[in-house]
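Working through the structure, step by step
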Amino acid sequence: MPKLKRLPAKFYHQNTFKIAKELLGKFIICKIGKKFLIGKIVETEAYYGPHDLASHASRGKTARTKIMFDQAGLAYIYLIYGMYYCFNIVTEAKDFPAAVLIRAAEPLNFSKATNGPGKLCRAFKIDKKLNGENLIISKNLYLAENPKDRIKSSQIKNAKRIGVDYAGKYKNKLWRFYLEDNPFVSKK
DNA sequence: CCTGGGATTTTCT
DNA sequence: GAAAATCCCAGGA
């Protein structure tokens, strides 16, 4: 196992798109009972600001989306299509709604399909109990990096976001990022 | 190869 | 009541 270091608070205080790219190759660590599940992030999407029609926050602050308006470094977890949870990382300053959706990860110490946001949450047993979890201090769910294993920018591809056809001119934004040639990426 | 629908629940209109 | 940041399976071409 690589030596992992938890991402510090200042990691989350960068531009959302920079964070979305930097998260590639980082690790999700989730405590399940006495065990830890570790997965390497291979695909992310950025949801940025109150005008991004693909973002839940574009309709204003509600009980569901208020986490996106909160401070950077929190987990925003919501239920989609009544069945699947999606795991997001809140970014930007308080009262500015932005987040990075983790779409896919590569399981390191377990074996399960994680090539999609719904499946990822099922594999990590992420549900709304973890909504609002502070990734900087939580023992149950946090992000880490292997400082010796940085991703080269040449491995990062960008593309249109998935499942946001209703988002008008925002649907074609190249706000999805993934690692080239990684078999766990949900879609090329 | 492709398209379409069902599962299931929260949220907004 | 309809749509949703999804996934899986069936059926047709």
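Let me begin by describing the structure that accompanies this report. (Residues numbered from 1 in each chain as written. Chains lettered and ligands numbered in written order. Predicted model: local features only at pLDDT ≥ 70, side-chain atom pairs only at ≥ 80, totals over all residues. Heavy atoms only, no water.)

Some points on the pairing of strand 6 (residues 98–107)
- Most of strand 6 sits inside the fold, with nine of its ten residues counted as buried.
- As paired elements, strand 3 (residues 35–48) and strand 6 share nine bridges and run antiparallel to each other. In the sheet register, Tyr48 faces strand 6, and the bridge partner there is Ala98.
- Summarising the sheet, strand 5 (residues 84–90) and strand 6 pair through four bridges and their orientation is antiparallel. The partner of Val90 across the bridge, within strand 6, is Ala99. (Buried < 20%, exposed > 50% of the residue type's maximum accessible area, 1.4 Å probe, protein only. Helix = DSSP H or I, 4+ residues; strand = E, 2+ residues; numbered from the N terminus. Pairing = 2+ DSSP bridges.)

A closer look at the protein's contact with DNA strand C
- Of all residues adjacent to DNA strand C, which total 20 residues, the nearest are His56, Tyr78, Tyr81, Asn88 and Tyr166.
- Across the atoms of DNA strand C situated within 4 Å of the protein, the share located in sugar and phosphate is 53%.
- In the model, a base nitrogen of DNA strand C is placed 2.7 Å from a nitrogen or oxygen of the Tyr78 side chain.
- Here a phosphate oxygen of DNA strand C and a backbone polar atom of Gly118 are 3.1 Å apart.
- Secondary-structure elements contributing two or more residues to the surface near DNA strand C are strand 4 (75–80), strand 5, strand 6 and helix 2 (117–124).
- The biggest single contributor to the surface near DNA strand C is helix 2, with four residues.
- Here the residues of the surface near DNA strand C are counted per class, giving twelve nonpolar, five polar and three charged. (Near = heavy atom within 4 Å. Polar contact = N/O pair within 3.5 Å; in protein donor to acceptor, adjacent residues only side chain to side chain. Nonpolar A, V, L, I, M, F, W, Y, C, P; charged D, E, K, R; others polar.)

Focus on the packing of aromatic side chains
- Under the defined criterion, the tally for this structure stands at seven aromatic pairs.
- Ring centres of Phe17 and Trp175 lie 4.9 Å apart, and the angle between their planes is 55°; on these two criteria the pair is classed as tilted. Taken as a pair, Phe17 in helix 1 (residues 16–22) and Trp175 in the loop between strand 8 (156–159) and strand 9 (176–179) lie far apart in primary sequence, 158 residues in all.
- The buried category is assigned to Phe17, whose relative accessible area is 18%.
- Seen in terms of ring centroids, Tyr76 and Tyr78 are 5.3 Å apart; in terms of plane orientation they differ by 35°. Their pairing is tilted.
- Assessed through its relative accessible area of 1%, Tyr76 is described here as buried.
- Taken together, the ring pairs connect Phe17, Tyr48, Phe96, Tyr170 and Trp175 into an aromatic cluster.
- When the ring centre of Tyr142 is taken as reference, the NZ or CZ atom of Arg6 above it lies at 3.9 Å. (Phe/Tyr/Trp six-rings, centres within 6.5 Å; stacked < 30°, edge-to-face > 60°. Lys NZ or Arg CZ within 6 Å of the ring centre and 35° of its normal.)

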